[in-house]
Amino acid sequence: MAALKPSLSPFHTHFDQQARYHVWATHRLLEAVMPVADTDYFKNLGLFFKSIHGTLNHLLVAEHLLWYARFSKGASPLLGLDTEVEPNRERLAQALNGGSANWERLIATWPAERFDGQLDYRTMKGVPQSLPFAAALAHVFNHATHHRGQITAALTALGQPSPELDWVYHLQLEAAEAKKV
């Protein structure tokens, strides 16, 4: 007798797509940032977290150390959004690439009804908070897209090439790959 598969919800499909896009976009952005000279990479470019480096560190803190801990472990670390957790740009890129890959695996473990529930956590000030689970997860991916957009604008202002990161472009690439199979 075959083992029963857990039922998947449309949220699984949507967030699985978001997670794959997130990995792809993170990787493309970090490839584009790689050739930027340290003087420009660490320079205050007027971004909310000042520099490209500061913005990438913020993504590591917010997305991986805070939100991933909330979704995967129910933990609520107390960590400032502007904390520099990785001063080395190569290790920061590795942490962001590795962290982005964790989301797809995590999403696959959730039962369909989980998406209709709440995410209970404590804010960074220690205040209890409860948000709709799927909406909070959407925030994680939307937040990353927002800051990738800031970095691509900074790259353009620096005269550097900026990668195409639109989600629809990624969907088109996946569709073309599926046709090859």
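Residues numbered from 1 in each chain as written. Predicted model: local features only at pLDDT ≥ 70, side-chain atom pairs only at ≥ 80, totals over all residues. Heavy atoms only, no water.

**Q** Mind showing me how you'd approach a nonpolar patch on the surface here?
**A** Among the surface-exposed residues, Val 168, Tyr 169 and Leu 173 lie close enough to one another that they form a single nonpolar patch of about 240 Å² accessible area. By relative accessible area, Tyr 169 is classed as partly exposed at 31%. (Patch = residues over 30% accessible without salt bridge, like charges linked within 9 Å, V, L, I, M, F, W, Y side chains within 5 Å. Areas by Shrake-Rupley, 256 points an atom, 1.4 Å probe, with all protein chains shown as cover. Salt bridge = Lys/Arg side-chain N within 4 Å of Asp/Glu carboxyl O. Buried < 20%, exposed > 50% of the residue type's maximum accessible area, 1.4 Å probe, protein only.)

**Q** Is there a simple way to think about the packing of helix α3 (residues 52-73) against helix α4 (residues 89-109) in this case?
**A** The geometry of a pair of packed helices is captured by two quantities: the angle between their axes and the separation between those axes. Close contact between α3 and α4 brings their axes to 10 Å; oriented N to C, the two are set at 30°. Relative to α4, the element α3 is oriented roughly parallel. Note that α3 runs across α4; the crossing there is left-handed. Judged by residue contacts, His 53, Leu 56, Asn 57, Leu 59, Leu 60, Glu 63, His 64, Trp 67, Tyr 68, Phe 71 and Ser 72 of α3 engage Leu 92, Ala 95, Leu 96, Gly 99, Ser 100, Asn 102, Trp 103 and Leu 106 from α4. Grouping the amino acids of the contact of α3 with α4 by side-chain chemistry returns 11 nonpolar, 7 polar and 1 charged. (Axes fitted to C-alpha atoms, helices over the stretch in contact; angles between N-to-C directions. Helix = DSSP H or I, 4+ residues; strand = E, 2+ residues; numbered from the N terminus. Parallel < 35°, antiparallel > 145°, perpendicular 65-115°, else oblique. Left-handed = near helix turned anticlockwise from the far one by under 90°. Contact = heavy atoms within 4.5 Å. Nonpolar A, V, L, I, M, F, W, Y, C, P; charged D, E, K, R; others polar.)

**Q** Help me out: how do you make sense of the environment of Val 33 in this one?
**A** Tracing the backbone through its elements, the reader meets Val 33 in helix α1 (residues 10-33). Taking the relative accessible area as the measure of exposure, Val 33 reaches 4% and is therefore buried. Residues Val 33 and Leu 137, 104 residues apart in the sequence, show an inter-C-alpha distance of 26 Å. Other than its neighbours up to four places away in sequence, Val 33 contacts Tyr 41, Ile 52, Leu 56, Arg 89, Ile 151 and Leu 155.

**Q** What is the right way to look at the confidence of the model for the protein in this model?
**A** In low-pLDDT segments, the atomic positions of the prediction should not be examined closely. With 96% of its residues at a pLDDT of 70 or more, the protein has an overall mean of 93. When the elements of the protein are averaged for pLDDT, helix α6 (residues 167-180) gives the smallest value, 92, and helix α2 (residues 38-41) the largest, 98. Here residues 1-5 is a poorly scored stretch, pLDDT under 50, and it has 0 contacts once near neighbours within four places are set aside; other chains count. (pLDDT = per-residue confidence, 0-100.)

**Q** What is the right way to look at the packing of α1 against helix α5 (residues 133-157) in this model?
**A** The interhelical angle for the contact between α1 and α5, taken along N-to-C directions, is 20°, at an axis separation of 11 Å. Comparing their axes, α5 and α1 come out roughly parallel. For the pair α1 and α5, the sense of crossing is left-handed. Contacts between α1 and α5 involve Phe 11, Phe 15, Gln 18, Ala 19, Tyr 21, His 22, Ala 25, Thr 26, Leu 29, Ala 32 and Val 33 from the former and Ala 134, Leu 137, Ala 138, Phe 141, Ala 144, Thr 145, Arg 148, Ile 151, Thr 152 and Leu 155 from the latter. For the contact of α1 with α5, the class distribution of residues is 15 nonpolar, 5 polar and 1 charged.

**Q** How should the pattern of salt bridges be read in this particular structure?
**A** Side-chain pairing between opposite charges can occur once the charged atoms of the two side chains come close. Applying the stated criterion across every chain, the model contains 6 salt bridges. Of the charged contacts, one joins Asp 16 and Arg 20 as a salt bridge, the two residues approaching to 2.2 Å between their closest N and O atoms. One end of the pair, Asp 16, and the other, Arg 20, are both in helix α1, 4 residues apart, so they sit about a helical turn from each other. Here Arg 91 ties to Glu 86 by a salt bridge, and the two come within 3.2 Å at their closest N and O atoms. Judged by its relative accessible area of 44%, Arg 91 falls in the partly exposed class. Owing to a relative accessible area of 15%, Glu 86 belongs among the buried residues under this scheme.

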